[in-house]
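Per-entry structural report
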Amino acid sequence: MTSGDASISVDKGILVGAINDGVLSCLGVPYAAAPVGPLRFRSPVAHPGWDKPLRATSFASQAVQTPLNPNSPLADPGSEDCLYLNVWAPVEDGPHPVMFWVHGGAFVSGSADQCDGTALAQAGLVVVAPNYRLGPFGYLYLEEVAPGASDTNLAIRDLACALDWTLRNIVTFGGDPTRIALAGQSSGAMTVGSLMTSPLVRGKFTAAWMMSGAARQVRTKTMATESAEMFLAATGVPDVTASDIVTMPTETLVKASGALAQFSQVDDRFDAEVLLPVVGDDVLPDHPMTAIRRGDLADVELVVTWALADMELFRIFDAEAGGRNKELFARRLLGDDKWDELLRIYEATGPSAYSDLLTDFHFSVPARRLAEAQIAGGGRSWVGRFDRAPITPPWPSYGPVHTCDLFYLFTPLRPPSEPFSEVGPGIGMLDEDRSLAEHTRRLMKCVAQGEARLDQCGWPLYDGDYRRTLLFDEPLEVALDPDKVRRRAWEGLLEEF
């Protein structure tokens, strides 16, 4: 069958999906009960199931979104009833490797619905992309100020629940439950950096690929409690107590989240994200980097990549203040003298010194340190950098900035003739870009297949001597320790990264 409906039996009932272009898609599939009412701010629980076939041919609600610009209301503010996932699978018999995709969005926005897994399924992967709770609904830590009022690390618990759904049901879609790769981009990658070290998912995946994100975006309980107290004040509710938060209207919580998002842009303590995963509970007993260095992921194939000019995207959208929050945080950690010294080194290496320094601080240094931690723990790691920008306007003028990797991984969401929009990662792809897209999808399949298939795909292991790095461009190229001068400038600094 080349197109039409298809019935799929999963553990909670029958789904009616769609087949198009050799791909089965099931969209808006509930993987847990709606986290509302008595389940609000609580760990996800099993979905009760459905008696009649459930049509799964359109996306369901995305999570509640925090508008990063309070003067620009969102077209879709999202819903607290958001625990749904999407599946794309080849129609050919499996078993096929599986990519479990965690979307990004600064920990407060975004949706799995922004990406189309059709091309990856055509390349031989089963793609599972869940929505999960964001912002205060997914990350607010109340344990110290209102013990027992809510559960902790709800976003991570949601994703672990979605992964369990995947393990139970993926065979029905032709997927191989013994070959699952966690993957994500930006805050999605950073979320994977926490998720992959959680006891909740141990032994349930075989590989991970983090794109423009690593494993350091977490909070201590002390800092998370300070964030909670700031959040409480930001609600603007007189005489409010912490336990009141769990019953507040959605709009009140979103307003407080937006206020803190704005504050984080000019504060030097929170690294631009006020609400993040918290270390020290049953979900994240230890800092992810600690767990990786001691070998918790030694049997996992670990891949980290970033874009050559990652931070430049934020400078393009805000030439005056873009990236300023990262500089403030870096100055606090390093001191003004060291930051100024680094900037002078970067000024001698290229024309975009400020943007390059921010890119390394926030993306490439944490990525390399993650790879090194994995090696120190007895594991294997691969490192890459996206050096190519899509040739559809206006991206040639942007360069290889943040999110450019998404355009080569997923199916473009519209033809290049349509006007450019800043909403979502969709972009037209011309013939000259298709080759790199095919290579990127093939490499993602190699990652999910495991068993060191990346070596056979032309992506050599990373090590502390040669530092072989795959440069994603046309053609693909392996470089030895690219940007050595800049990398060495960070030696001895921020080793916990």
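Residues numbered from 1 in each chain as written. Predicted model: local features only at pLDDT ≥ 70, side-chain atom pairs only at ≥ 80, totals over all residues. Heavy atoms only, no water.

What follows covers the side chain of His 362. Structurally, His 362 can be placed in helix α11 (residues 353–376). Given a relative accessible area of 6%, His 362 falls into the buried group. Within polar-contact distance, the side chain of His 362 engages the side chain of Arg 216 at 3.3 Å. Setting aside residues no more than four positions away along its own chain, His 362 makes contact with Met 190, Arg 216, Gln 217, Asp 271, Met 311 and Lys 326. (Helix = DSSP H or I, 4+ residues; strand = E, 2+ residues; numbered from the N terminus. Buried < 20%, exposed > 50% of the residue type's maximum accessible area, 1.4 Å probe, protein only. Polar contact = N/O pair within 3.5 Å; in protein donor to acceptor, adjacent residues only side chain to side chain. Contact = heavy atoms within 4.5 Å.)

This brings us to the state of the cysteines. The tally for this structure, following the rule as stated, stands at one disulfide. Disulfide partner of Cys 446: Cys 457, at an S-S distance of 2.0 Å. Taking the torsion about the sulfur-sulfur bond, which here is approximately -50°, the covalent link between Cys 446 and Cys 457 counts as left-handed. Taken as a pair, Cys 446 in helix α14 (residues 431–449) and Cys 457 in the loop between α15 (453–456) and β12 (468–472) lie far apart in primary sequence, 11 residues in all. Judged by relative accessible area, which is 6%, Cys 446 ranks as buried. When its relative accessible area of 18% is taken as the criterion, Cys 457 is described as buried. Cysteine Cys 26 remains unbridged, with the sulfur of Cys 161 as its closest cysteine sulfur at 18 Å. Since its relative accessible area comes to 0%, Cys 26 is described here as buried. Between Cys 82, a cysteine without a disulfide, and Cys 161, which holds the nearest cysteine sulfur, the sulfur-to-sulfur distance is 12 Å. (Disulfide = S-S within 2.5 Å.)

The next thing to look at is helix α6 (residues 250–264). Over its 15 residues, α6 runs 21 Å from end to end, which matches the ideal 21 Å to within 8%, given 1.5 Å per residue. Those residues of α6 not exposed but buried are Thr 252, Leu 253, Val 254, Ala 256, Ser 257, Gly 258, Leu 260, Ala 261 and Ser 264. Buried residues along α6 sit in contact with α2 (135–139), α5 (221–234) and α9 (324–334). (Expected span 1.5 Å × (residues − 1).)

It is worth spelling out α5 at this point. Given 3.6 residues per turn, any residue in an α-helix points the same way as the ones three and four places further on. End to end, α5 covers 19 Å across 14 residues, agreeing with the expected 20 Å (1.5 Å per residue, within 8%). Taken together, the buried positions of α5 are Met 223, Ala 224, Thr 225, Ser 227, Ala 228, Met 230, Phe 231 and Leu 232. The secondary structure elements touched by the buried residues of α5 are α2 and α6. Immediately downstream of α5, the backbone of Gly 236 shows phi near 75°, a positive value.

Turning our eyes to something else, we now look at the packing of helix α10 (residues 336–347) against α11. The N-to-C vectors of α10 and α11 enclose an angle of 120°; their axes lie 9 Å apart at closest approach. It follows that α10 is oblique to α11 by the angle criterion. Crossing of α10 against α11: the hand is right-handed. Contacts between α10 and α11 pair Trp 339, Leu 342, Leu 343, Tyr 346 and Glu 347 from the former with Ala 353, Tyr 354, Asp 356, Leu 357, Leu 358 and Asp 360 from the latter. Of the residues assigned to the contact of α10 with α11, the class counts are eight nonpolar, no polar and three charged. (Axes fitted to C-alpha atoms, helices over the stretch in contact; angles between N-to-C directions. Parallel < 35°, antiparallel > 145°, perpendicular 65-115°, else oblique. Left-handed = near helix turned anticlockwise from the far one by under 90°. Nonpolar A, V, L, I, M, F, W, Y, C, P; charged D, E, K, R; others polar.)

The next subject is the nonpolar core. Soluble globular proteins tend to pack their nonpolar side chains together in the buried interior. Among the nonpolar cores identified, the biggest contains 112 residues, and Phe 173, Met 196, Leu 370 and Trp 490 are the most heavily contacted of them. Ranked by residues supplied to this core, first place goes to α11 with 10 residues. Ignoring any residue separated from it by four or fewer positions in sequence, one finds Phe 173 in contact with Ile 8, Val 10, Leu 15, Leu 24, Cys 26, Val 87, Ala 89, Pro 90, Val 126 and Trp 165. Counting residues in each nonpolar core, the second largest holds 44 residues, with Val 23, Leu 313, Met 444 and Leu 470 among its members. (Core = buried A, V, L, I, M, F, W, Y, C linked by side-chain atoms within 4.5 Å.)

What follows is about the confidence of the model for the chain. Residues at a pLDDT of 70 or more form 95% of the chain, whose mean pLDDT is 91. Long-range and interchain partners of residues 413–426, a stretch whose pLDDT sits below 50, account for 25 contacts in this model, where long-range means more than four residues apart. (pLDDT = per-residue confidence, 0-100.)

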